[in-house]
Amino acid sequence: MSRFLHPDLQKTTPYTPGIHPPSSADTIKLNTNENPYPPSPMVQKAITSDEIDALAKYPDPSCTELIATIAAYHGVGSENICIGNGSDELLAFCFWGLAPQGTAFPDLTYGFYNIFSQAYNRPAHIVPVREDFSIAIEDYASVTQTIFLANPNAPTGLYLALSQIEALLQQRPDRLIIVDEAYIDFAGESAVSLINTYDNLLVIRTMSKSRSLAGARLGYALGCKDIISDLQRIRFCFNPYSINRLSLLAGTAAIKDEAYFNACREKIIETREYTIQAFRAMGFHVTDCKTNFILCGAHPEISATLYDEKLREQNIFVRYFPVDRILDYVRISIGTQKEMEQVVAVTQKILREMQA
Ligand SMILES: *Cc1c(COP(=O)(O)O)cnc(C)c1O
């Protein structure tokens, strides 16, 4: 560390990404919640050689076409949408510019909330989740800071019903609620339907998980016109060209291909249900995950750290978080049906070895 680094950043512990193993045929990578299926074939069609030549020019800073496509998909106006370089960028904008009173979020949630709160020095009011990892909205009744909630939550996978989000919005109309819906396409009803009723709501989406575009870095925020214009203002105080040309095309094509999107997400949900049943049958505790990952652990015969290590010996990468309350759990992304059947078979073998 040099003597020039800002003290806020000196005190921040940066994000530790999941291991990025060299891709090879016998590696099963289930540690970063990526989609096991490729993006829509329309994405490949959209990236023409003319578009590659056009990389000589800056991209459209207003993201006009992508915004119009997303607006049509959600049935909202273009003035209700702001695009980000991944939803992480939009979340960073919210911590930076939309939390003047500070921030609040659960103790067990997406790790970046804590990192942004430290890096931007937006002190956090941490609200513990309940014993069963659930979020109880009455615990937020007295919270005045901008609230960040992942729904479904990560890494617990638990989904909060839309009626609960609405009750949270009504608790305090002068408090902003940011709902991070990274996994909503695998879960239930979205809060997007509420953006024109509540001017204290911002919904954040990503194309990294359900749209198979983690490598394109695309996220978007939906909210009332005023909050969105604030976000655009923040974006133009940072980098108006943060969304590159090829990603704009990829995102537009992916959103338009609804049939492909629905087929992929249905396969993932089906494989998730298979995986949950199989892990419970093997004696693991698995939360009621509504995501493209499961949180499982608390096995009577194997600790999470040993299980993680034994999987890695077999080239299966899952995520272990050295985080209070889930020290005995691992998070496993949902791969293809074939990959998950392999993980189950390897796990059965590991458990048999433990018993021997
Ligand atoms: C994956 C994830 C993100 C980040 O998504 P990007 O769009 O890839 O930056 C944000 N929030 C949660 C809860 C996530 O799990």
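Everything here concerns the structure above.
These remarks concern the structure in this document. Going along each chain's sequence as written, the residues are numbered from 1 onward. In view of the model being predicted, local features appear only for residues whose pLDDT reaches at least 70, and side-chain atom pairs are presented and counted only at 80 or more, with totals across whole chains, interfaces and linings using the full set of residues. Remark: hydrogens and water are excluded; side-chain values derive from all non-hydrogen atoms of the structure.

1. What to know about the overall build of the chain
Cut-off, in case you're wondering: Each helix is a run of H or I in the DSSP string that is no shorter than four residues. Each strand is a run of E no shorter than two, and both are numbered from the N terminus. A radius of gyration in this sense is built from C-alpha atoms; the matching globule rule multiplies 2.2 Å by the number of residues raised to 0.38. Three exposure classes are used, based on accessible area relative to the maximum for each residue type with a 1.4 Å probe and protein chains only: buried under 20%, partly exposed in between, and exposed over 50%. Asp and Glu count as negative and Lys and Arg as positive, but His and the ends of the chain are not part of the count. A charge is said to be at NZ when it belongs to Lys, at CZ for Arg, at CG for Asp and at CD for Glu.
For the chain, the count of helices and strands is 12 helices and 13 strands. Taken over the C-alpha trace, the chain has a radius of gyration of 21 Å; the compact-globule value for 356 residues is 21 Å, and the two agree within 12%. Taking the principal axes of its C-alpha atoms as reference, the chain extends roughly 65 × 55 × 50 Å. Sorting the 356 residues of the chain into buried and exposed places 52% on the buried side. Here the chain carries 31 positive and 40 negative side-chain charges, and the mean point of each set is 4 Å from the other.

2. Considerations on the nonpolar core
Quick note on the threshold: Note on terminology: a nonpolar core comprises buried Ala, Val, Leu, Ile, Met, Phe, Trp, Tyr and Cys residues joined through side-chain atoms within 4.5 Å. Contacts are assigned to residue pairs that have any heavy atoms within 4.5 Å of one another.
Ranked by size, the top nonpolar core spans 51 residues in total, and within it Ile81, Ile83 and Leu201 carry the most contacts. Elements with a contribution of two residues or more to this core: α4 (64-74), β2 (81-84), β5 (146-150), α7 (162-171), β6 (177-180), β7 (201-206), β8 (219-223) and α9 (245-256). Per-element accounting of this core gives the leading share, 5 residues, to α9. Among residues more than four places away in sequence, those in contact with Ile81 are Ile67, Ile70, Ala71, Val76, Tyr220, Ala221, Leu222, Ile228 and Gln232. By size, the runner-up hydrophobic cluster in this structure holds 34 residues, among which are Leu30, Val286, Ile294 and Met340.

3. Description of the layout of surface pockets
Using a probe with the size of a water molecule, rolled over the atoms, empty space left in the structure can be pinpointed. We apply this condition: A cavity here means a set of 1 Å grid points, computed over protein atoms only, where a 1.4 Å probe fits but cannot escape. A pocket is an open set with protein on both sides within 12 Å along at least 5 of 7 lines, and lining residues have an atom within 4 Å of a point. Grid points are joined across faces, edges and corners, and a volume is the space filled by probe spheres set on the points. Polarity classes work like this: nonpolar for Ala, Val, Leu, Ile, Met, Phe, Trp, Tyr, Cys and Pro, charged for Asp, Glu, Lys and Arg, and polar for all others, with Gly in that last group.
Computed from the structure, the largest pocket encloses a volume of approximately 1,200 Å³. The wall of the largest pocket is formed by 47 residues, among which Tyr15, Tyr110, Gly111, Phe112 and Arg319 lie closest to the centre. At the level of secondary structure, the elements contributing two or more residues to the lining of the largest pocket comprise α5 (86-97), β3 (103-106), α6 (111-119) and β12 (319-320). The dominant element in the lining of the largest pocket, judged by the number of residues it contributes, is α6, at 6 residues. Grouping the amino acids of the lining of the largest pocket by side-chain chemistry returns 23 nonpolar, 15 polar and 9 charged.

4. Focus: α4
Where α4 is concerned, the buried positions are Leu66, Ile67, Thr69, Ile70, Ala71 and His74. In this structure, the buried residues of α4 make contact with β2, β7, β8, α8 (225-235) and α9. Phi turns positive one or two residues past the end of α4, at Gly75, with a value near 65°.

5. Topic: the packing of α5 against α8
For clarity, the threshold we go by: For helices, the fitted line uses only the C-alpha atoms of the stretch in contact; every axis is such a line through C-alpha atoms, and the angle between N-to-C directions lies from 0 to 180 degrees. Note on terminology: angles under 35 degrees are roughly parallel, angles over 145 are roughly antiparallel, angles of 65 to 115 are roughly perpendicular, and the others are oblique.
Between α5 and α8, the shortest axis-to-axis distance is 10 Å and the interhelical angle comes to 95°. Between α5 and α8, the interaxial angle falls into the category roughly perpendicular. On α8, the residues that touch Leu90, Phe93, Cys94, Trp96 and Gly97 of α5 are Leu231, Ile234 and Arg235. Split into classes, the residues belonging to the contact of α5 with α8 amount to 6 nonpolar, 1 polar and 1 charged.

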